[in-house]
Each structure stands twice: as C-alpha cells, then as structure tokens.
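Structural features, examined
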Amino acid sequence: MTQIPGLLDTEAIRKDFPILDRTVHDGDALVYLDNAATSQKPRQVLDALHEYYERHNANVHRGVHVLAEEATALYEGARDKVAAFVNAPCRDEVVFTKNASESLNLVANMLGWADEPYRVEAGTEIVITEMEHHSNIVPWQLLAQRTGAELKWFGLTDDGRLDLSAVDEVITERTKVVSFTLVSNIMGTFNPIEAIVRRAQEVGALVVVDASQAAPHMPLDVQALQADFVAFTGHKMCGPTGIGVLWGRQELLDDLPPFLGGGEMIETVTMHASTYAPAPHKFEAGTPPIAEAVGLGAAVDYLSSIGMDRVQDHEHALTEYAVARLKEIPELRIIGPTTAEERGATISFTLGDIHPHDVGQVLDEQGIAVRVGHHCARPVCLRYGIPATTRASFYLYSTPAEVDALADGLVHVRNFFG
Ligand SMILES: Cc1ncc(COP(=O)(O)O)c(C=O)c1O
C-alpha cells in the first residue's frame, strides 16, 4: 500500500460512510471521485436526520408544545454550530438557505433593491471572475440586466489562475460588489483574495465569497476573509441536500431588504404593509429546511471532530500524489494548476482527443465515478478551448489506492480507444 505522510486514517473514516462499502455493476468496488459535485454522508449525519424525524419533528418557532420547542432548539442549535464552524462573530449572521445558489441569488436580489450606498443600478459595476460556477455568474447577469449595471470580470491565466494584473482597472470607484469563488469547482484553483479584498475595500465595494468548494475542505474563517458575505452549500460538506448557508455581516443584514416574503420573516402584517423580523429570520421566509439544518449541524460536528486543518492536509497530500500519477499518463492535459500548490483536491483534465463523456463512461464501467462536462463553469472551458473535461475530486475518505485505480482506469481508457 502507498504510504504518504499527512494522510488521515481513511480505514477508520470510511467505516463512517456506509455507501463507500457498496459495489457497482458486477461487484466492482465503488471508487467515488465526484466529491466536488456532492460528498457522501457519514452515519452520524444519517442518524441525526433519522432521529430528528423519529423523535422531534415539528414546525419551528412560535410553537408552545414540547416537540416544537425541541425542533426549534435543534434548528437554532445547528445555527450555533455553523456559526462556530466559520468563526462568525455572531450566530444571527448565519442565514439558512436551500443551497449556495440561493444564497448568492439572495445577495444579488438584495443589492438590486437596496438603498444607497449598497444599491446596484445603472452607472454602477458588478465584478466577478471567469472561473465562477454558473451559480455565481447568472444571478449577477440577471441583476445587471434588470438594473442596467455593468458586469465585469477578472480573466484567467494560461495556468488556471486569476489574472489580477489589472485589479485597479477591473475594480473601480463605480464598483458596488465583487463576487468570486475561493476555490474553483472545475480546476481546483485556490484564489489569493487579499488583493481583491484590499481594492474592493478601497472603493467601498461589498465583497461576496463563494466558499462552496472551500468550506468542505479547509478551515473557513469569515472574519479572516474580511468579506461581507460568504456562501456555501451543505451537501458538499457531508451534510444533506436542501440546506445552504449565507453568512453576512450583521449591519448589512440589518440594513438590506428581504428577498422572499412569507411566514417566519415578519414582525407584523396588516393588509397595507408589513414589518420584518430581525436577521437572520428576515431572510428565512416560510418553513425552513429544519431536518436539513439539523443534518448540517451533525456534519459540522463530524468534520470538526476530525479537524479541518487535518482534512486540508490529507487532501493536499493526496492531490500531490494524484497530480504525479496523472502526469505519467501520455496525452493527459491537466486544465488548471499542474502542481499541488495553491489548489484544492479537484483535478480536471482532457485525455488526447477522447471525448470526456467516453472517458467517464469507460471509467464508470470499472466502478470509478468521476464527472464529465463543463461542470457548471462553461466559461472556463471556453477560455481553454475545450468542450468539456473529466473531473476527479477527492475528499477526506479518498485514498491513494483510489488514485491508483483512477490512473490505471485511464490507461485502460486509452487502450480501449486505441
Ligand atoms: C463553486 C460553486 N459554487 C456554487 C455551487 C452551487 O451549489 P448548489 O448547487 O448546492 O447551490 C457549486 C456547486 O457545484 C460550486 O461548486
């Protein structure tokens, strides 16, 4: 067995994830390398969901009976856990949403409806980057179309990094908001954000960080980031689907208008007008994803018990190994950083002129689950002149043996297509 310093005890960790034990097709061991799309769930999270529904299920807030109080305590307890996980100064800064996409749409809509000085309108600018997931592109395109604001972006260098050479020209006095990903979901690039944040602060623009590919993989400290909003999604970090997070600075959440209206988010309602509950409830209209929040709380407990710095070290060591193994394969071209430095554990590549869908299919026949396509980051594919990539993405339970299976599987793909 390959011994690599820095790895977690994956033998023990994998016992927590029942799905990793299953086989596919005719008894092939499952090699799950699609973690950037969604992670698998440990038993601790599955148990928390089960127990919630079996013992505590009720609607939250305002209830006077025992179950309602228990459900509320569990739901609000999950908010405490998430706040601690990202080092939020205050629990009320954590807004639960459906996913990262909703978190980002929430911010974009708030800024379209906001009063000065936050209002995005004609004559102002929105800045994003060319390596965003569609969830951090389309909401801003919609905002630009609806308000007449200009949408600008940072381009990419040939080696898959942000081109920050003209930061002062891209972010200007007219920029109201700068929104970018901390880690690319297609190339794995880890973005150095200091220069962007410094410039944004200089011109008084708000900073939105898409941490969907960071929160599951490294310690996340919203205070250290110096951002105004941070979005992420539960299902990529061992939590259930249907739960996302928007962290926002308290004074902004207090000042900005709500996005969705309904129950839970009001203070009083008359037939003429309504007043709103304080944040975070102002942004959580309707019955929230209660069980999902409880599951996310359990996921955060699980990851914290291992330690996010250890998860990061594990993935770094594994990525170093994976990059080296992939480089041995003739005609394999990594799209994005070609070393393990300043990158996460997501690696996209092309293999000669074999179409990624064919690569993915032949890997699947060997039990190896990767993702193929544009990964909801189509501008990246356009930038590098490719229709699609094959993407392998690792997590805390991934092993060197799985990297070997991928490398051997790719050799088989090459042989298969001659
Ligand atoms: C960087 C990034 N941002 C946003 C999202 C959207 O997450 P969700 O689909 O859970 O809203 C993803 C999902 O792949 C992502 O990788």
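Rules used in this analysis
Residues numbered from 1 in each chain as written. Predicted model: local features only at pLDDT ≥ 70, side-chain atom pairs only at ≥ 80, totals over all residues. Heavy atoms only, no water. Near = heavy atom within 4 Å. Polar contact = N/O pair within 3.5 Å; in protein donor to acceptor, adjacent residues only side chain to side chain. Core = buried A, V, L, I, M, F, W, Y, C linked by side-chain atoms within 4.5 Å. Buried < 20%, exposed > 50% of the residue type's maximum accessible area, 1.4 Å probe, protein only. Helix = DSSP H or I, 4+ residues; strand = E, 2+ residues; numbered from the N terminus. Domains from an automatic or database assignment. Contact = heavy atoms within 4.5 Å. Pairing = 2+ DSSP bridges. Axes fitted to C-alpha atoms, helices over the stretch in contact; angles between N-to-C directions. Salt bridge = Lys/Arg side-chain N within 4 Å of Asp/Glu carboxyl O. Phe/Tyr/Trp six-rings, centres within 6.5 Å; stacked < 30°, edge-to-face > 60°. Left-handed = near helix turned anticlockwise from the far one by under 90°. Expected span 1.5 Å × (residues − 1). Buried area = accessible area lost by both parts, 1.4 Å probe. Nonpolar A, V, L, I, M, F, W, Y, C, P; charged D, E, K, R; others polar.

The subject of this paragraph is the site of the ligand. Within the structure, the ligand sits among 13 residues, and Ser101, Asp210, Gln213, Thr233 and Lys236 are positioned closest to it. Between the ligand and serine 101 there is a distance of 2.6 Å, counted from an oxygen atom to a side-chain nitrogen or oxygen. Between the ligand and histidine 235, the relevant distance is 2.8 Å, taken from an oxygen atom to a side-chain nitrogen or oxygen of the residue.

This paragraph deals with the nonpolar core. Among the nonpolar cores identified, the biggest contains 84 residues, and Phe96, Val230, Phe232 and Leu396 are the most heavily contacted of them. Among the elements that make up this core, the one with the highest residue count is helix H10 (residues 290-306) (11 residues). Looking at this core, you find at least three residues from each of domain 1 (10-32 + 307-416) and domain 2 (46-305). Not counting residues up to four positions away in its chain, the partners in contact with leucine 396 are Leu8, Thr10, Ile13, Phe17, Cys238, Tyr302, Leu303, Ile306, Val311, His314 and Glu315.

Now for the sheet that holds strand E6 (residues 150-154). Taking strand neighbours across the sheet as the criterion, the 7 strands line up as E4-E10-E9-E8-E7-E5-E6 in an open arrangement whose pairing is mixed. Looking at the sheet topology across the chains shown, the edges are occupied by strand E4 (94-97) and E6. Averaged over all pairs of adjacent strands, the angle between their axes in this sheet comes to 20°, without regard to strand direction. As paired elements, strand E5 (residues 125-129) and E6 share 5 bridges and run parallel to each other. What sits directly across from threonine 129, in E6, is phenylalanine 154. Along the sheet, helix H7 (residues 194-203) contacts E6, strand E7 (175-181) and strand E8 (206-210); its crossing angle with E7, the most-contacted strand, is approximately 165°.

So, on to the pattern of salt bridges. Applying the stated criterion to the full structure yields 24 salt bridges. Where glutamate 116 meets lysine 176, a salt bridge forms, and the shortest distance between an N and an O atom there is 3.3 Å. Here glutamate 116 is found in the loop between helix H4 (100-113) and E5, whereas its partner lysine 176 is found in strand E7, with 60 residues between them in sequence. In this structure, arginine 325 and aspartate 408 form a salt bridge, with 3.9 Å as the shortest nitrogen-oxygen distance. Of this pair, arginine 325 sits in helix H11 (residues 308-327) while aspartate 408 sits in helix H14 (residues 400-416), and the two are 83 residues apart along the sequence. Residue classification places arginine 325 among the buried residues on the basis of a relative accessible area of 18%. Via salt bridges that share partners, Glu76, Arg79, Asp80, Arg91, Asp92 and Glu284 belong to a single interconnected network.

Attention now goes to the sheet that holds strand E17 (residues 389-393). The 4 strands are arranged E13-E14-E17-E16 in an open sheet whose pairing can be described as antiparallel. Among the strands making up the open sheet, the edge pair consists of strand E13 (332-335) and strand E16 (371-373). When the angles between neighbouring strand axes are averaged without regard to direction, this sheet yields 35°. Two elements, strand E14 (residues 346-351) and E17, share 4 bridges in a ladder whose sense is antiparallel. Among the inter-strand pairings, isoleucine 347 is bridged to a residue of E17, identified as alanine 392. Of the strands in this sheet, E13 and E14 are in contact with H11, which crosses E14 at around 5°. Sheet contacts for H14: E13, E14 and E17; angle to E14, the most-contacted strand, approximately 15°.

Once that is clear, we can look at the packing of aromatic side chains. Counted according to the given criterion, the structure contains 7 aromatic pairs. With a centroid separation of 5.4 Å and 50° between ring planes, the pair formed by tyrosine 75 and phenylalanine 96 is classed as tilted. Of this pair, tyrosine 75 sits in helix H3 (residues 66-85) while phenylalanine 96 is found in strand E4, placing the two residues 21 residues apart along the sequence. Here tyrosine 75 and phenylalanine 96 have matching classes, each one buried. Clustering of aromatic rings is evident, with ring pairs tying together Phe17, Tyr302, Tyr395 and Tyr397.

What follows is about the side chain of threonine 147. Structurally, threonine 147 is set in helix H5 (residues 138-147). Look past the residues within four positions of threonine 147 in its chain and what remains in contact with it is Gly112, Val120, Glu121 and Ala122.

Right, let's talk about the packing of helix H2 (residues 43-56) against H10 for a bit. Geometry of a packed helix pair, given as the angle between the helix axes and the separation of the axes. Interhelical geometry of H2 versus H10 gives an angle of 150° and a closest axis separation of 8 Å. You can see that H2 and H10 cross each other, and the crossing is right-handed. Contacts from Gln44, Val45, Ala48, Leu49, Tyr52 and Tyr53 in H2 reach Ile290, Ala291, Glu292, Val294, Gly295, Ala298, Ala299 and Tyr302 in H10.

The next subject is H10. Each α-helix winds once per 3.6 residues, and so residues spaced three or four apart point in a common direction. With 17 residues, H10 extends 25 Å between its outermost C-alpha atoms, agreeing within 8% with the 24 Å of an ideal straight helix rising 1.5 Å per residue. In terms of residue burial, H10 counts as a mostly covered element, since 13 of its 17 residues are buried. Positive phi appears at glycine 307, one or two residues downstream of H10, with a value of about 105°.

Examined at the domain level, the chain breaks down into domain 1 (10-32 + 307-416) and domain 2 (46-305). Computed from C-alpha coordinates alone, the two centres of domain 1 and domain 2 are separated by 28 Å. Between domain 1 and domain 2, the contact holds 34 residues from the first and 32 residues from the second. Interface area, domain 1 with domain 2, both sides summed: about 2600 Å², of which 56% is carbon and sulfur. A per-residue breakdown of the area domain 1 buries against domain 2 is headed by Met308, Arg383 and Tyr395, which together make up 23% of the total. At the boundary of domain 1 with domain 2, the tally comes to 1 salt bridge. Where aspartate 158 meets arginine 383, a salt bridge forms, and the shortest distance between an N and an O atom there is 2.9 Å. There are 20 residue pairs in polar contact (both at pLDDT 80 or more) connecting domain 1 and domain 2. Of all the elements in the fold, those that place two or more residues in the side of domain 1 that touches domain 2 are H11, E14, helix H13 (378-383) and E17. Looking at the side of domain 1 that touches domain 2 residue by residue, the classes come out as 16 nonpolar, 9 polar and 9 charged.

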